[in-house]
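Chains, contacts and geometry: an overview
So the chains spell out like this:
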Amino acid sequence: MWSEGTQGQRYISPFSTAEIEELSRHVRVTSPGHPAGIDKDKKLFIPHHGLSMIQSMADTQPSVQADEETALRYLRGHALAQLPDAPLGWVIIRYKEAALGWVKNVNGRANNLYPDALRIRT
């Protein structure tokens, strides 16, 4: 079930928003669920990195296998060329069947959504 947080945040939770509000009256709720992403505006949803790491999600979403060079470019946070084997839109990039994270495959390029804090710096 989806629940809404502040500033467009979306969460996956077994509880509804009303149930979370009721629960928070009695105990401290540190998070209403697993972060799913952010609604930037009415037409744009940006998925959370952790969502790509959930195996059941990674198995149901479009994905593309990357070679070692492409995987390293992704993990360094570099832009990628368009992924020809993948549909346009949000795609999970994989290396040797391990999910690395999200890219948005658009005309001519694949936008890298790998979190800054996790990027390879060398």
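What this report covers is the structure whose coordinates are included nearby. Fair warning: this is a prediction, and the values are worked out from it, not measured in the lab.

Let's shift gears to helix α4 (residues 68-75). Of all the positions in α4, only Ala71, Tyr74 and Leu75 are classed as buried. Projected onto a plane normal to the axis of α4, the buried residues spread over an arc of 95° and lie on a single side. Tucked into the core, α4 has its buried residues touching β6 (80-81), β7 (89-95), β8 (98-106) and β9 (109-112). With its phi angle positive at about 90°, Gly77 sits one or two positions after the end of α4.

On to the sheet that holds β6, then. Two orientations exist for strands paired in a sheet by backbone hydrogen bonds: parallel and antiparallel. Pairing in this open sheet of five strands is mixed, and the strands run β5-β7-β8-β9-β6 from one edge to the other. Each edge of the open sheet is held by one strand with a lone partner, namely β5 (63-65) and β6. Across the sheet, α4 is in contact with β6, β7, β8 and β9; its angle to β8 comes to roughly 80°.

Examined against the element boundaries, Asn112 turns out to sit in strand β9. Looking at Asn112, its side chain comes within polar contact range of the main-chain oxygen of Tyr74, at 2.9 Å. Among all residues touching Asn112, those that are not within four sequence positions of it are Arg73, Tyr74, Gly77, His78, Trp102, Val103 and Arg119.

Before going further, it helps to spend a moment on the packing of aromatic side chains. Scanning all chains against the criterion turns up one aromatic pair. Consider the rings of Tyr74 and Tyr114, whose centres lie 5.2 Å apart with planes at 55°: the pair is tilted. Placement of Tyr74 in helix α4 and of Tyr114 in the segment after β9 is noted, with a sequence separation of 40 residues between them. Like Tyr114, Tyr74 is buried.

Definitions and cut-offs
Residues numbered from 1 in each chain as written. Predicted model: local features only at pLDDT ≥ 70, side-chain atom pairs only at ≥ 80, totals over all residues. Heavy atoms only, no water. Buried < 20%, exposed > 50% of the residue type's maximum accessible area, 1.4 Å probe, protein only. Helix = DSSP H or I, 4+ residues; strand = E, 2+ residues; numbered from the N terminus. Arc of directions from axis to C-beta. Contact = heavy atoms within 4.5 Å. Pairing = 2+ DSSP bridges. Axes fitted to C-alpha atoms, helices over the stretch in contact; angles between N-to-C directions. Polar contact = N/O pair within 3.5 Å; in protein donor to acceptor, adjacent residues only side chain to side chain. Phe/Tyr/Trp six-rings, centres within 6.5 Å; stacked < 30°, edge-to-face > 60°.

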